[in-house]
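# Analysis of the macromolecular model
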Amino acid sequence: MAHGRLAGLDEIVDVGRDASRGGYSRHVWAAPELELREWFVARAAAVGLDVETDRNGNIWAWWGAPGRDAVVVGSHLDSVPGGGEFDGPLGVVSALDAIALLQAEGVRPTRPCAVVVFAEEEGSRFGVACLGSRLLTGAISADRARALTDADGVSFAEAAAAHGLDPRRVGRDDEALARIGVFIELHVEQGRGLIDLGGPLAVASSILAHGRWRIDFTGEGNHAGATRMGDRRDPMVAAARGILAIRDAARADDRATVGRIEAVPGGTNVIPSRVSTWLDARSDLDGDARALVAEITARAQEAAAAEGCEARVIEESWSGQVVFDPALRDRLAASLGGVPALPTGAGHDAGVLAGHVPTAMLFVRNPTGVSHSPEEHATLDDCVAGVVALTEVLRGLL
Ligand code: HGY
Ligand code: MN
Ligand code: MN
């Protein structure tokens, strides 16, 4: 097995390393993500591609003239807090490498072709995953997106304006969407699917229905020393009960996670007045995911009431189940010698686009089976196999 990494990944290996969390923190329009954008522009230019940023902050690198019915391939460069090296960048680097290989073979595309980098795929800064592709397709309204705020209270509109976009022009972009004839996203696999199957590559079959909800537990802020235990309405205790209830509400095939919690005002000697928890819930079918959240809502309210508190559940985003275009999936799998099809629990820009254009995904084996963590991995051999497969797929589409 070869060691090392694809040259493109090697070039960005130190960008956005997070010394306190481990891994990488590359949030949209923060310094590391801006550096990655610059790196992408330079690397795309080196392959002879013409780069433009659309009105939602997504970057497009065109091989030849932009136009309709294009073969578009790409992924994202942002990360979760303390994320891995491959989630996003592997798809971008592989796309550029695949085009360079086709150019070296003297291939002349018969239709337009572009590499795209979607903005804020993880929603780590503004809370809504796949924000760039949701804006492009109109899956989120421009008004709602403009009003989203980051942890410092900076709105998406303000951040967009500070980075060269016109916030009045963010939103559904029918012209950009009409250019996409087919979209292919290569991605590191994020579970154990390919470990279990013992192969380096798969195509995607489906994505779980999923969404994000903020659950606000409210009680009475008070003094940690002066308030007797029996006199408290402590939303931190309500949240603790609520989180256990969330775990208990989820069945084996569901996914329910609280990965983020915020106490207000957040002092060691202060009983909080509010505790916000963020729920990420997923299930195979839309109805199952909705039923899970309804069950969680009821249990959170019960848990809150037991502590004299209240719980309010606010939906922040929703993505229905995605079944990828079966004909395209099968065509890709066959062109790669019959690789397997795998479902995934992770969301992707490909999932957003799948409702609008024929879309497919290629997965590269992750030998740790771990993702959204510094432990995420892909061997050089498997990454090379991914680039070769993507090249083959593009050859068949161009
Ligand atoms: O959250 C997700 O599933 C994705 O990685 N954005
Ligand atoms: Mn991710
Ligand atoms: Mn990703």
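Use the structure listed above.
This is a predicted model, so every value here is computed, not measured. Each chain has its residues counted from 1, running along the sequence as written. Lettering for chains starts from A, numbering for ligands starts from 1, and both go in the order in which the items are written. Reporting in this predicted model follows two pLDDT cut-offs: at least 70 for local features of residues, and 80 or more for side-chain atom pairs to be given and counted; totals over whole chains, interfaces and linings ignore these cut-offs and use all residues. Calculation of side-chain values draws on the structure's entire complement of heavy atoms; hydrogens and water are dropped beforehand.

Right, let's get into the coordination of the manganese ion (ligand 3). Nitrogen, oxygen and sulfur within 2.8 Å of a metal are treated as its donors, or within 3.2 Å for sodium, potassium and calcium (Na, K, Ca); water is not counted, so a site can appear incomplete. For the manganese ion (ligand 3), every protein donor is listed as His76 (NE2), Asp87 (OD) and His187 (NE2), and the spread of their distances is 2.0 to 2.2 Å. Donor residues binding the manganese ion (ligand 3) come from one chain and are separated in sequence as H-x10-D-x99-H. Taken as a pair, the manganese ion (ligand 3) and the manganese ion (ligand 2) show a spacing of 3.6 Å, with aspartate 87 coordinating each metal. With aspartate 87 in the loop between β3 (70-76) and α3 (89-104) and histidine 187 in strand β5 (residues 180-188), this residue pair connects regions lying 100 residues apart in the sequence. Elements are defined by DSSP. Helices are runs of H or I of four residues or more, strands are runs of E of two residues or more, and each kind is numbered from the N terminus.

The next point concerns the layout of surface pockets. For the second largest pocket, the calculated volume is near 200 Å³. Only protein atoms enter the 1 Å grid used here. Points where a 1.4 Å probe fits but cannot escape make up a cavity, open sets with protein on both sides within 12 Å along at least five of seven lines make up a pocket, and a residue lines them when an atom lies within 4 Å of a point. Lining the second largest pocket are Glu52, Thr53, Asp54, Arg55, Trp60, Arg169, Asp173, Glu175, Ala176 and Arg179. Counting only elements with at least two residues in the lining of the second largest pocket, the list comes to β1 (50-53) and α7 (174-179). Looking at the lining of the second largest pocket, the element that brings in the most residues is α7, giving 3 residues. Residue polarity follows a fixed list, in which Ala, Val, Leu, Ile, Met, Phe, Trp, Tyr, Cys and Pro are nonpolar, Asp, Glu, Lys and Arg are charged, and the others, Gly among them, are polar. By residue class, the composition of the lining of the second largest pocket is 2 nonpolar, 1 polar and 7 charged. Grid points are joined across faces, edges and corners, and a volume is the space filled by probe spheres set on the points.

Another point: the coordination of the manganese ion (ligand 2). The coordination sphere of the manganese ion (ligand 2) contains the protein donors Asp87 (OD), Glu122 (OE) and His372 (NE2), at a distance range of 2.0 to 2.1 Å. Going along the chain, you hit the donors of the manganese ion (ligand 2) in the pattern D-x34-E-x249-H. Take aspartate 87: its relative accessible area is 6%, and that puts it in the buried class. Accessible area is worked out with a 1.4 Å probe on protein chains only. A residue is then buried under 20% of its type maximum, exposed over 50%, and partly exposed in between.

Another point: the site of ligand 1. Contacts to ligand 1 come from Glu121, Glu122, Arg282, Ala346, Gly347 and His372. Between a nitrogen atom of ligand 1 and a side-chain N or O atom of glutamate 121, the distance comes to 3.1 Å. Within 3.5 Å is the distance limit for a polar contact, defined as a pair of N or O atoms, with the added protein rule that one can donate a hydrogen and the other accept it, and that residues adjacent in sequence qualify only through two side-chain atoms. Between ligand 1 and glycine 347 there is a distance of 2.6 Å, counted from an oxygen atom to a backbone nitrogen or oxygen. In the shell around ligand 1, the residues fall into 1 nonpolar, 2 polar and 3 charged. Here, proximity means that at least one heavy atom of the residue falls within 4 Å of the molecule or strand.

This paragraph deals with the pattern of salt bridges. Put simply, a salt bridge is a Lys or Arg side-chain nitrogen that is within 4 Å of an Asp or Glu carboxyl oxygen. Across all of its chains, the model carries 28 salt bridges by this definition. We note a salt bridge from arginine 43 to glutamate 11, for which the minimum N-O separation is 2.8 Å. You can see arginine 43 sitting in helix α2 (residues 31-46) and its partner glutamate 11 sitting in helix α1 (residues 7-11), a full 32 residues away along the chain. Across the pair glutamate 392 and arginine 395 runs a salt bridge whose closest N-O atoms are separated by 2.5 Å. Of this pair, glutamate 392 and arginine 395 both sit in helix α13 (residues 380-397), 3 residues apart, which is roughly one turn of the helix. Taking the relative accessible area as the measure of exposure, glutamate 392 reaches 34% and is therefore partly exposed. By relative accessible area, which is 32% here, arginine 395 ends up partly exposed. When salt bridges that share partners are traced, they join Arg5, Asp10 and Glu85 into one network.

Any functional reading would require information that these geometric values do not contain.
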